[in-house]
Amino acid sequence: MERRKLLRASLLSFKTPFCFLREVDKCCCVLYQPDDHGLIGDVPVLRVTRQGPEAVHFVDSPLDVGQEVQLKVDWERRFDHMQQHTGQHLVTALADTMFGYKTTSWELGRQRSTIELDTPSVKPAQLQALEEAVNEKIRAHVPVTVQLLAIDDPAVEKVRSRGLPEDHAGPIRIIDIEGIDANMCCGTHVSNLSHLQVIKLLGTEKGKKNKTNLIFLAGNRVLKYAEKSFSTERSLVSLLKTGPDEHVEAVDKLQKSVKLLQKTNLSLLRDMAVLIAQNFMSNLQRGNFFSLHKKEGDNEFMNIIANEINTEETLVFLTVGEEKGPGLFLLAGPSEQVTPMGPRVLDLLQGKGAGKNGRFQGKANSLARRGEMEALLQQLCSHHTTEEE
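Definitions and limits used
- Along each chain, residues carry numbers from 1 onward, in the same order as the chain's sequence is written.
- This being a predicted model, a pLDDT of at least 70 is required before a residue's local features are given, and a value of 80 or more before pairs of side-chain atoms are given or counted; all residues contribute to the totals for chains, interfaces and linings.
- Here the side-chain values reflect all heavy atoms present in the structure, with hydrogen atoms and water set aside.
- Only DSSP runs of H or I covering at least 4 residues are called helices, and only runs of E covering at least 2 are called strands; the numbering of each starts at the N terminus.
- A helix is expected to span 1.5 Å multiplied by its residue count minus one.
- The buried label goes to any residue with under 20% of its type's maximum accessible area, the exposed label to any with over 50%, and the partly exposed label to all in between, with areas taken from a 1.4 Å probe on protein chains only.
- Cavity: a set of points on a 1 Å grid over the protein atoms alone where a 1.4 Å probe fits but cannot get out. Pocket: an open set with protein on both sides within 12 Å along at least five of seven lines, its lining residues, like those of a cavity, having an atom within 4 Å of a point.
- Grid points are joined across faces, edges and corners, and a volume is the space filled by probe spheres set on the points.
- Pairing of aromatic rings covers Phe, Tyr and Trp, the last counted by its six-membered ring, and requires centre-to-centre distances within 6.5 Å; plane angles under 30 degrees mean stacked, over 60 mean edge-to-face, and any other angle means tilted.
- Only lysine NZ and arginine CZ atoms are considered, and such an atom sits over a ring when it is within 6 Å of the ring centre and within 35 degrees of the ring normal.
- The contact definition used throughout considers only heavy atoms, calling two residues in contact when any of these lie within 4.5 Å.
- Here, a salt bridge means any side-chain nitrogen of Lys or Arg that lies within 4 Å of a carboxyl oxygen of Asp or Glu.
- Buried residues of nine kinds, namely Ala, Val, Leu, Ile, Met, Phe, Trp, Tyr and Cys, make up a nonpolar core once their side-chain atoms join them within 4.5 Å.
- Residues adjacent in sequence count toward polar contacts only when both atoms are side-chain atoms; beyond that, a polar contact is any pair of N or O atoms within 3.5 Å, and within protein one must be able to donate a hydrogen and the other to accept it.
- Pairing between strands is defined by DSSP: at least two bridges between them are needed.
- Helix axes are fitted to C-alpha atoms over the stretch in contact, other axes to C-alpha atoms as well, and angles between N-to-C directions run from 0 to 180 degrees.
- Each angle gets one of four labels, with under 35 degrees taken as roughly parallel, over 145 as roughly antiparallel, 65 to 115 as roughly perpendicular, and the rest as oblique.
- Ten residues, namely Ala, Val, Leu, Ile, Met, Phe, Trp, Tyr, Cys and Pro, are considered nonpolar, four, namely Asp, Glu, Lys and Arg, are considered charged, and the remaining ones, Gly among them, are considered polar.

Student: Just to check I follow, could you spell out helix 1 (residues 75–99) for this structure?
Tutor: Because the α-helix completes a turn every 3.6 residues, residues three or four places apart line up on one side. Taking 1.5 Å of rise per residue, the 25 residues of helix 1 would be expected to cover 36 Å, and the 35 Å separating its terminal C-alpha atoms lies within 8% of that figure. By the criterion of burial, helix 1 is predominantly enclosed, with 19 of the 25 residues buried. Backbone geometry just after helix 1 places G100 at a positive phi near 75°.

Student: Even after reading the chapter, I still don't get empty space enclosed by the protein, so can you show me in this structure?
Tutor: Tallied over the full model, the rule gives two cavities of 30 Å³ or more. Here the second largest cavity is characterised by a volume of approximately 30 Å³. Considering the residues around the second largest cavity, the lining is formed by F99, Y101, L117, V122, L127, L130, T204 and L214.

Student: Teacher, can you tell me more about the packing of aromatic side chains here?
Tutor: To describe a pair of aromatic rings, one takes the distance between the centres and the angle between the planes. Tallied over the entire structure, the rule returns four aromatic pairs. An angle of 55° between the planes, with centres 4.8 Å apart, marks the rings of F280 and F290 as tilted. Of this pair, F280 sits in helix 4 (residues 247–281) while F290 is found in strand 14 (residues 289–294), placing the two residues 10 residues apart along the sequence. Grouping residues by exposure puts F280 and F290 together as buried. Directly above the aromatic system of F58 lies the positively charged group of R47, at a separation of 4.2 Å from the ring centroid.

Student: Explanation requested: the environment of I115 in the structure shown.
Tutor: By the secondary structure assignment, I115 is in strand 8 (residues 113–117). You can call I115 buried: its relative accessible area is 0%. Taking the C-alpha atoms as reference points, I115 and G207, separated by 92 residues in sequence, lie 9.9 Å from one another. Once residues within four sequence positions are removed from consideration, I115 is found in contact with Q88, V91, T92, T103, S105, W106, T212, N213, L214 and F216.

Student: What is the right way to read the pattern of salt bridges from this model?
Tutor: Once the charged atoms of two side chains with opposite charge are near each other, the side chains can pair. Tallied over the full model, the rule gives 14 salt bridges. The residue R78 makes a salt bridge to D36 at a minimum N-O spacing of 2.9 Å. Separated by 42 residues along the polypeptide, R78 in helix 1 and D36 in the loop between strand 2 (18–23) and strand 3 (38–40) bring together distant segments of the chain. Of the two residues examined, R78 and D36, each falls in the buried class. Among the salt bridges present, the one from E131 reaches K200, with a minimum N-O distance of 3.4 Å. Here E131, found in helix 2 (residues 124–139), pairs with K200, found in strand 12 (residues 199–206); they are 69 residues apart in sequence, far enough to count as distant.

Student: What is the right way to read the nonpolar core from this model?
Tutor: A general tendency of soluble globular proteins is for nonpolar side chains to be buried together. With 33 residues, the main nonpolar core has L90 and I199 as its most contacted residues. Top contributing element to this core by residue count: helix 1, with eight residues. Setting aside residues no more than four positions away along its own chain, L90 makes contact with V134, K137, I138, I177, I180, L193, L196 and I199. A273, F290, F301 and L318 belong to the second largest nonpolar core, which has 17 residues in total.

Student: Before we go on, may I ask you to explain helix 5 (residues 299–308) in this structure?
Tutor: Inspection of helix 5 places F301, M302, N303, I304, I305 and A306 among the buried residues, and these make up the whole buried set. In this structure, the buried residues of helix 5 make contact with helix 4, strand 14, strand 15 (315–321), strand 16 (327–332) and strand 18 (359–364). Two or three places before E300, at the start of helix 5, stands the capping residue D298, its side-chain oxygen 3.2 Å from that residue's backbone nitrogen.

Student: Whenever I open this one, the pairing of strand 8 confuses me. Can you help?
Tutor: Two faces make up the sheet, and in a regular strand the side chains alternate between them. Burial within strand 8 is extensive, with four of its five residues counted as buried. Of the strand pairs in this sheet, strand 7 (residues 103–108) and strand 8 are connected by five bridges, and their pairing is antiparallel. Residue pairing for strand 8: W106 is matched across the bridge by I115. Linking strand 7 to strand 8, which pair antiparallel, is a turn of four residues. Sheet topology places strand 8 next to strand 13 (residues 212–218); five bridges connect them, and they run antiparallel.

Student: Explanation requested: the packing of helix 1 against helix 3 (residues 220–240) in the structure shown.
Tutor: Axis angle and axis distance: for two packed helices, these are the angle between their axes and the distance between the axes, and together they describe the pair. For the pair helix 1 and helix 3, the least separation of the axes is 9 Å and the interaxial angle reads 100°. With respect to helix 3, the element helix 1 is oriented roughly perpendicular. Within the contact between the two elements, helix 1 uses E76, F79, D80, Q83 and Q84 and helix 3 uses N220, R221 and K224. In terms of residue class, the contact of helix 1 with helix 3 is built from one nonpolar, three polar and four charged.

Student: How do you make sense of the pairing of strand 10 (residues 172–177) when you look at a structure like this?
Tutor: Bridge count between strand 9 (residues 144–149) and strand 10: six bridges; the pairing is antiparallel. The residue of strand 10 that forms the bridge with V146 is I175. Pairing of strand 10 with strand 11 (residues 181–184) involves four bridges; the strand directions are antiparallel. Bridge pairing links I175 to N183 in strand 11.

Student: Honestly, the sheet that holds strand 11 in this entry has me stumped. Any pointers?
Tutor: Taken in spatial order, the three strands of this open sheet run 9-10-11, and their pairing is antiparallel. Single-partner strands in this sheet number two, and they are strand 9 and strand 11. Each strand axis lies, on average, 25° off the axis of its neighbour in the sheet, ignoring direction. Sitting on the sheet, helix 1 is in contact with strand 9, strand 10 and strand 11, with an inclination near 70° to strand 10.

Shape is all these values report; function is a separate question.
Encoded structure:
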């Protein structure tokens, strides 16, 4: 197909950081699809929008007003949008013709595109039939043409349309897929369905307001998707030591094994927490302060220890996580000690938390200064003991 990568245009006016272009040969159609990128001379075009009949090009450096410049379109991006957009027209038309499912909106995404269909669901058999039908039309080499009609032309009323923007000016642009669809559109399109190469309907998702989102790929995106899928498949074969047909079963077994190990590990941590607390309580020389850091653990682990220790008489400072990284903390004990020291914990451990009734706990962004906090608490408890004596 013809690749219109280089065009000529004159600058109408310039105002940093954007410029208006009157295009000698239309190069940028930006309504209802992502905009074109490329170069104006050697200046990159960052974004393109439309204001009435003019295309506004945003660039990162000034250009001289009145000069004739060469425009170079990012063809890979442009052709990808052409394939996806024409593909959407084709899928939309056949979904309506075959099943009466109207398209209410669509999105041309960076990796995959979505068509919103006005139906609660699409059956698997319908999805398969639709995919076969669209690819049959692609193989039939059906022409795609552009018609320009006056706004009062009776033919305008016969085409599919979502309405015109308020600032529309000039003729109406119709994209006609011969014998299949005529749709009002100012996006970029291929000139023949064969240029779509192939369309893959990936599946459906539940949409808003009792509608269905149909996910699809067209053209080169299908090839890239296949390449990426095969690369992922090879990686999984290496990791799972099984063939592709056994991947789901292998991952299911791994997930079950991990859940069992996590359950066993949690049980062991609970038992360990009880034993740690009992060991402290059985020590007749234990004092009134207990501190512990453990890399493995969670809030439940710390709370079990605190529950097993008499925190009405003992100040407990517990942390879990990386020694100098993020983690969790728990300060429990007499309220008159915990309440003033809670904010100090947050300060030294760069944390967030809250507390009441003799307990203060939360998340620490860094446990690097845990030793300083432990020393402060030890000093507090020593001072409290001296006062009692």
